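Residues per chain, in single letters:
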Amino acid sequence: MSVFSFHPVKPVTTGEGGAITTNNSDIAERLRLFRNHGIERNPDNFMNMEAKEDSPLPWYYEQQKLGFNYRLSEIQAALGLSQLKKLDKFVARRREIAAFYDAELKNLPLSLIQAQPGARKRSGMHLYIISVDWDALGLTRADVMLSLRERGVGSQVHYIPIHMQPFHAHYRVDKSQNYPNAEKYYSDCLTIPLFPAMTDEDAKQVVIALRKVLEKA
Ligand SMILES: *Cc1c(COP(=O)(O)O)cnc(C)c1O
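Asks: Sorry if this is basic, but what is going on with the site of the ligand here?
Replies: Near the ligand the following residues occur: S5, K10 and Y159. Computed on the free molecule, the ligand has an accessible area of 390 Å², of which 42% lies beneath the protein chains in the complex.

Laid out in structure tokens, this is it:
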């Protein structure tokens, strides 16, 4: 299965919600049940044999599993369809801004995540993430985020590693495992603004703010 989120920060949105794709028809069938309280309406699949007999009961349905209400509303789906039509345009604009950042940030004391040759052509550029050795720079990431905010530039950290979250830390099967690469990534990363509605001027402002804040070190 592949799972897609259509949360408002994602490349296409339905406001909230998402989609699951699968090429397995059994799984697809189970997902449809799960989405709708576990309710089966197809007489071929009824468990109660009497309901399958010659005189079908027009109101009949069966709750066969414990499901939930995971239905995307019609209104949300309509928004998603109109977003899909714009997807190519959205991605092209994201790549354009990413290329601008790539060029402009080259000389700053940071490295780029996922900027290997070719990655910019394959990736939908959902996030633009820089990686900084904050200790070496003599700045804390928190201070940099606050300074950027003062200059009107939002930034974020994507994400805190799962094993560091209390819930997962508690239920981890093998607590002796550690994840040094995830923790190193987490300690260095910072996401800077990237969304299709950004103007060239906005992107320039991000670069100027980053330059001012990082070069202050
Ligand atoms: C967006 C996102 C989520 C959350 O998606 P929901 O639509 O809120 O379920 C989880 N993990 C990653 C990596 C994401 O990008």
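Asks: What exactly am I supposed to notice about the environment of G67 here?
Replies: When you line up the elements, G67 lands in the loop between β4 (62-63) and α2 (74-85). For G67, a relative accessible area of 9% gives the class buried. Excluding residues that lie within four positions of it along the chain, G67 makes contacts with F34, H37 and G38.

Asks: Before we go on, may I ask you to explain the packing of helix α3 (residues 87-104) against helix α9 (residues 200-215) in this structure?
Replies: For any two helices packed against each other, the geometry is given by the interaxial angle and the distance between the axes. Closest axis-to-axis distance for the α3/α9 pair is 11 Å, and the angle between their directions is 30°. Comparing their axes, α9 and α3 come out roughly parallel. Like other packed secondary-structure pairs, α3 and α9 cross with a definite hand, here right-handed. The residues of α9 that touch α3, namely those facing R93, I97, F100, Y101 and E104, are D200, A203, K204, V206, V207 and R211.

Asks: Please explain the layout of surface pockets as it appears in this structure.
Replies: It is the rolling of a water-molecule-sized probe over the atoms that shows where space remains empty. The volume enclosed by the largest pocket comes to roughly 460 Å³. Around the largest pocket sit 13 residues that line it, and G18, A19, I20, R35 and Y70 are the ones nearest its centre. For the lining of the largest pocket, the elements supplying multiple residues, two or more each, are β2 (18-21) and α1 (25-35). In terms of residue count, α1 provides more of the lining of the largest pocket than any other element does, five residues in total.

Asks: Can you help me understand the domain arrangement of the protein chain in this one?
Replies: Often the size quoted for an interface is simply the accessible area lost on bringing the parts together. Taken domain by domain, the protein chain comprises domain 1 (2-84) and domain 2 (87-214). Inter-centroid distance (C-alpha atoms) of domain 1 to domain 2 is 36 Å. Facing the six residues of domain 1 at the interface are five residues of domain 2. Between domain 1 and domain 2 lies a buried interface of about 520 Å² when both sides are counted; carbon and sulfur atoms form 57% of it. At the surface where domain 1 touches domain 2, the tally comes to zero salt bridges. Our count for the domain 1 to domain 2 interface comes out at two residue pairs in polar contact (both at pLDDT 80 or more).

Asks: Is there a simple way to think about the sheet that holds strand β6 (residues 128-131) in this case?
Replies: Either a parallel or an antiparallel arrangement is found when strands of a sheet pair, and the pairing is made through backbone hydrogen bonds. If you trace the three strands from one edge of the open sheet to the other, you get β5-β6-β7, paired in antiparallel fashion. This sheet does not close on itself; its edge strands, each paired only once, are β5 (111-112) and β7 (189-192). Looking at chain direction, β6 and β7 are connected through four bridges and run antiparallel. Within β7, the position partnered with Y128 by the bridge is I192. Sheet strands touched by helix α8 (residues 180-188): β6 and β7. Its angle to β7, the strand with the most contacts, is close to 50°.

Asks: Explain the environment of G154 to me, please; I cannot follow it from the model alone.
Replies: The topology assignment puts G154 in the loop between α6 (141-150) and α7 (166-171). Residue class for G154 comes out partly exposed when judged on its relative accessible area of 48%. Remark: the alpha-carbon pair of G154 and P109, spanning 45 residues in sequence, is separated by 19 Å.

Asks: How do you make sense of the packing of aromatic side chains when you look at a structure like this?
Replies: By convention here, two paired aromatic rings are described through the distance between centres and the angle between planes. Per the counting criterion, the structure on display carries seven aromatic pairs. Each ring, one from F34 and one from Y70, has its centre 5.6 Å from the other, and the planes form 75°; the classification is edge-to-face. Taken together, the residues F34 in helix α1 and Y70 in the loop between β4 and α2 connect sequence positions 36 residues apart. Take F34: its relative accessible area is 35%, and that puts it in the partly exposed class. Overall, the relative accessible area of 53% leaves Y70 in the exposed class. Judged by centre distance (4.9 Å) and plane angle (85°), the rings of F46 and Y60 are edge-to-face. With F46 in the loop between β3 (39-40) and β4 and Y60 in the loop between β3 and β4, this residue pair connects regions lying 14 residues apart in the sequence.

Criteria and cut-off values
Residues numbered from 1 in each chain as written. Predicted model: local features only at pLDDT ≥ 70, side-chain atom pairs only at ≥ 80, totals over all residues. Heavy atoms only, no water. Near = heavy atom within 4 Å. Areas by Shrake-Rupley, 256 points an atom, 1.4 Å probe, with all protein chains shown as cover. Helix = DSSP H or I, 4+ residues; strand = E, 2+ residues; numbered from the N terminus. Buried < 20%, exposed > 50% of the residue type's maximum accessible area, 1.4 Å probe, protein only. Contact = heavy atoms within 4.5 Å. Axes fitted to C-alpha atoms, helices over the stretch in contact; angles between N-to-C directions. Parallel < 35°, antiparallel > 145°, perpendicular 65-115°, else oblique. Left-handed = near helix turned anticlockwise from the far one by under 90°. 1 Å grid on protein atoms, 1.4 Å probe; cavity = no way out; pocket = protein on both sides within 12 Å on 5 of 7 lines; lining within 4 Å. Points joined across faces, edges and corners; volume = space filled by probe spheres on them. Domains from an automatic or database assignment. Buried area = accessible area lost by both parts, 1.4 Å probe. Salt bridge = Lys/Arg side-chain N within 4 Å of Asp/Glu carboxyl O. Polar contact = N/O pair within 3.5 Å; in protein donor to acceptor, adjacent residues only side chain to side chain. Pairing = 2+ DSSP bridges. Phe/Tyr/Trp six-rings, centres within 6.5 Å; stacked < 30°, edge-to-face > 60°.

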